[in-house]
Amino acid sequence: MNEQSSPEQLNQDGMAAYQAEDYERALACFTAAQNGYTASGNALKAAEMANNLGVIYLQQGEPQKALDIVSGTEQAFADAGDLQHQALACGNRAAALEALGKRSEALAAYQQSSELLKLTGDRENRATVLASISKLQMRSGKQLEAMATMQASLDNRTRLSLREKMLNQLLKVPFKLFH
């Protein structure tokens, strides 16, 4: 990483490092990019870098660091009217809360993320968030809600794997019994 690199170049380098699973390099690049964006007054890009850092911290098993770094980013995106990034930031906060064992807070954050993603029309990311909601509902003993949420998750996917197609068919059986 070149100290003279622009925040944009550092972001690109961070993405490349992340794709290569070089998380230490990705952390360094995203941190430097965040600092550069902050110094230049680009709060939205700085918030985006914070969310990138949060994802890496989660993957490294450091959910508290992830939660700390993404805190406040949702509001930055909301203030700018950027629903897509606000939804993703909400989902990142939810994942950190879930990893910390704070299920009810995680569920509320995932539901907020899902609603925002619905507004943006981002079906694929919403499907992922709905699957996370379903998992939390199942762990909380809410099996019927979990099944319905998983069905909604599958309905939002543009393409289903063979496993997802089979799951989709299985999930329809209990609801057919009620009709």
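Residues numbered from 1 in each chain as written. Predicted model: local features only at pLDDT ≥ 70, side-chain atom pairs only at ≥ 80, totals over all residues. Heavy atoms only, no water.

### Let's talk about the overall build of the chain
Then, in step 1: A tally of helices and strands in the chain yields 10 helices and 0 strands.
Then, in step 2: Counting every position in the chain, which comprises 179 residues, the buried fraction comes to 40%.
Then, in step 3: Entry remark: accessible area of the chain is about 9,800 Å², with carbon and sulfur atoms responsible for 53%. (Helix = DSSP H or I, 4+ residues; strand = E, 2+ residues; numbered from the N terminus. Buried < 20%, exposed > 50% of the residue type's maximum accessible area, 1.4 Å probe, protein only. Areas by Shrake-Rupley, 256 points an atom, 1.4 Å probe, with all protein chains shown as cover.)

### Quick look at the layout of surface pockets
Then, in step 1: The computed volume of the largest pocket comes to approximately 320 Å³.
Then, in step 2: What lines the largest pocket is a set of 19 residues, and nearest its centre among them are Val55, Leu88, Ala89, Gly91 and Asn92.
Then, in step 3: Across the lining of the largest pocket, the residue classes tally to 9 nonpolar, 9 polar and 1 charged. (1 Å grid on protein atoms, 1.4 Å probe; cavity = no way out; pocket = protein on both sides within 12 Å on 5 of 7 lines; lining within 4 Å. Points joined across faces, edges and corners; volume = space filled by probe spheres on them. Nonpolar A, V, L, I, M, F, W, Y, C, P; charged D, E, K, R; others polar.)

### So, helix H8 (residues 123–139)
Working note: α-helix, 3.6 residues per turn, so residues spaced by three or four point in the same direction.
Then, in step 1: Taking 1.5 Å per residue, 17 residues should reach 24 Å; H8 reaches 24 Å between its end C-alpha atoms and fits that length.
Then, in step 2: Among all positions of H8, only Arg126, Ala127, Val129, Leu130, Ser132, Ile133, Ser134, Leu136 and Gln137 are buried.
Then, in step 3: Phi turns positive, to about 80°, at glycine 141, one or two residues after H8. (Expected span 1.5 Å × (residues − 1).)

### Brief notes about the nonpolar core
Then, in step 1: Core analysis: the biggest nonpolar cluster contains 28 residues, and Phe30, Tyr110 and Ile133 have the highest contact counts within it.
Then, in step 2: Sorting the residues of this core by element identifies helix H1 (7–19), helix H2 (23–39), helix H3 (43–59), helix H4 (63–70), helix H6 (83–99), helix H7 (103–120) and H8 as the ones contributing at least two each.
Then, in step 3: Considering every element that reaches this core, the biggest residue donor is H7, with 6 residues. (Core = buried A, V, L, I, M, F, W, Y, C linked by side-chain atoms within 4.5 Å.)

### A closer look at the packing of aromatic side chains
Then, in step 1: Tallied over the entire structure, the rule returns 1 aromatic pair.
Then, in step 2: A centroid spacing of 5.6 Å and a plane angle of 55° characterise the contact between tyrosine 18 and tyrosine 23, whose relative ring orientation is tilted.
Then, in step 3: The class of tyrosine 23 is partly exposed, set by a relative accessible area of 21%. (Phe/Tyr/Trp six-rings, centres within 6.5 Å; stacked < 30°, edge-to-face > 60°.)

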